[in-house]
Amino acid sequence: MNGTFSRRRDRLLTYRAMREGKITSSRRTRCSACGAESPQLEWDRSLQVCPRCGFHAPVGAYYRLSNILDPGSFQELEEKLAPADPLSFPDYPAKLEQLEEATGLKDGAVAALGRIEGRRAVFGVLDSRFLMGSMGTAVGEKITRAAEYADKKRLPLVIFSASGGARMQEGIFSLMQMAKTAAAIQRFQSRGGLYISCFTHPTTGGVTASFASLGDIMLAEPGALIGFAGPRVIEQTIKEQLPEGFQRAEYLLDHGFLDRIVPRSEWRTVLSQLLALHEKGGRP
Amino acid sequence: MSRFTPEEKVKLARHPDRPGTADFIDALFTDFFEQRGDRFCGEDPSILGGIARFHGRPVTVVGHRKGKSLEENLRCNFGMPSPEGYRKAQRLMKQAEKFGRPIITFVDTPGAYPGKEAEERGQGEAIARCLALMSALEVPIISVITGEGGSGGALALAVANRVLMLEHAVYSVLSPEGFASILWKDSSRADEACGVMKLTAQDLRRGGIVQGVLREPEGGAHTDWQAVFRTMDAALTRELAGLEKWKGPALARQRYEMFRAMGQGLPPAGREEP
């Protein structure tokens, strides 16, 4: 690996992760789950996990990658992939522009090539700051290209989901991204590729009902809300209140849909172990 | 082409007297043998499927079932499937591939059921598996959106080589009510949503989402079932004849490429590699 370039890329990732941090940081930060205020410094030390209640607050895609990848190994893929407005939806382009300004992202997903303890993999990370990480055509296309790239290079694929589901503003074209991403994952897996799916809070709708549920290995952060229908929709439908902990990662583990719950500080260790167990991209 | 507004089409698509999956099976297929159960834990009547003959040729047919009477509606949960329904569909479609039978699906659902037990048993996973499975099957698949194509619950049976739509059927990312409720926090603006969603067969044909639109009788499918059956029969016959010339891997490739191309959302020059 070329030293100068890898150092430059590393600085770029750190810069982007810090930029994300600034958007949410103040001196003391209130936990949206328990309401307790803690010094930002403590939040930073715990990787944005509430020091009081352990709530894993949503984080940006670059921040997450910067905490998982080997220093200097980050290489962004398909960085220029931009969203479209296939329905000519009122005010949508302006909204996209505003979000790009605020987050530094073109849309709600980042794809990258990187290493964990020296082992290469392709990463896809959804970012809930961008319209709830909803999947429009650009997010679907990026996940698809990540899977195709991993297939071509015979590398494992790791995807962190955080999404409200299909993006309403792109209508039916968003819905079709479910079929497209699921097909790409299916093709990748059928050729022996290892796909590790990592749910983070919250992941619902069309992302749960497509690529996120198809992992060879299924992982989730503690307390993450994971479901097809959102809790409010279910409560309105069945006209009763849902029990505490419903659709949380722990609940899914109990019902057989996850292999393991991974606290944020342990992602590197767990992913490293899994990549090592599947040396050569999971192929014999 | 059409005298109906998108709002009116939504009403026609939901019309209780519109022919449904069971009616199409009765009228167009012979020798129907219903297959029940997902072989894990249950049987979901909101998806109807089995083996039948289409002009003498064995096929697998699967579709959403809303039911005709109130009693049937309740039993079929108004056509909103649970994970058991989608897992049954997967079982039937895998079997179709094993025995080299083409698959015909009829899509008509408000959406997958958003219920407590459905979540508990993995509604998201069940739909995701349907999508992945259908994308790779090496037999011809033809899907027809006959009424409401609601969200992932509809798409789960519509990853086909040819997706057709009845003229006044609708197909959308979410129901207009849900769409208005999410975007504008006001489900009463559903009619307005119908306008911006581009959910009509004509819009979707233009957008490359469906490959054919089937004419309905004047006034809608519920006014003359026999006419609808004739149109449907001709369309299925034509599409099947075309697809049966293809080999299995070519069918899977065509399906993959078709969905792959939907909404790339960017100029083709954007591809890059490190």
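Residues numbered from 1 in each chain as written. Chains lettered and ligands numbered in written order. Predicted model: local features only at pLDDT ≥ 70, side-chain atom pairs only at ≥ 80, totals over all residues. Heavy atoms only, no water.

Helix and strand counts for chain A stand at 10 helices and nine strands. Here the C-alpha radius of gyration of chain A, 18 Å, is about what a compact globule of 284 residues would show, namely 19 Å. Across its three principal directions, the C-alpha atoms of chain A cover 55 × 45 × 45 Å. Sorting the 284 residues of chain A into buried and exposed places 58% on the buried side. Of all intrachain contacts in chain A linking residues separated by at least 6 positions in sequence, the fraction that spans at least 24 positions is 68%. Side chains of chain A carry 37 positive and 31 negative charges; the gap between the two charge centres is 6 Å. (Helix = DSSP H or I, 4+ residues; strand = E, 2+ residues; numbered from the N terminus. Rg over C-alpha atoms; globule rule 2.2 N^0.38 Å. Buried < 20%, exposed > 50% of the residue type's maximum accessible area, 1.4 Å probe, protein only. Contact = heavy atoms within 4.5 Å. Lys, Arg positive; Asp, Glu negative; His and termini not counted. Charge placed at Lys NZ, Arg CZ, Asp CG, Glu CD.)

Taken together, the contacts link 58 residues of chain A with 54 residues of chain B. Here chain A packs against chain B, burying approximately 4600 Å² in sum over the two surfaces, 66% of which is carbon and sulfur. Taken together, the links from chain A to chain B amount to two salt bridges. With a closest N to O distance of 2.7 Å, A:E148 and B:R260 form a salt bridge. Elements that contribute at least two residues to the side of chain A that touches chain B include exactly β3 (75-77), α5 (137-153), α6 (171-190) and α8 (231-238) of chain A. The element best represented in the side of chain A that touches chain B is α6(A), accounting for 15 residues. (Buried area = accessible area lost by both parts, 1.4 Å probe. Salt bridge = Lys/Arg side-chain N within 4 Å of Asp/Glu carboxyl O.)

A word on the pairing of strand β3 (residues 57-64) of chain B. Residues and elements named next belong to chain B. The buried fraction of β3 amounts to six of the eight residues, a majority that puts the element mostly inside the structure. Direction of pairing for strand β2 (residues 47-54) relative to β3: antiparallel, over a ladder of eight bridges. Bridge assignment links G50 to a residue of β3, and that residue is V61. The antiparallel hairpin formed by β2 and β3 contains two residues in its connecting segment, where H55 sits at a positive phi of about 50 degrees. One ladder, built from four bridges, connects β3 with strand β4 (residues 103-109); its direction is parallel. By the bridge assignment, V61 is partnered in β4 with I104. (Pairing = 2+ DSSP bridges.)

Attention now goes to the packing of α5(A) against α6(A). Residues and elements named next belong to chain A. Viewed as axis vectors pointing N to C, α5 and α6 meet at an angle of 10 degrees, and their least axial separation amounts to 9 Å. As summarised for this structure, α5 and α6 are arranged roughly parallel, according to the angle between their axes. Two secondary-structure elements touch here, α5 through T137, G140, E141, I143, T144, A147, A150 and D151 and α6 through F173, Q177, K180, T181, A184, I185 and F188. Grouping the constituent residues of the contact of α5 with α6 by class yields seven nonpolar, five polar and three charged. (Axes fitted to C-alpha atoms, helices over the stretch in contact; angles between N-to-C directions. Parallel < 35°, antiparallel > 145°, perpendicular 65-115°, else oblique. Nonpolar A, V, L, I, M, F, W, Y, C, P; charged D, E, K, R; others polar.)

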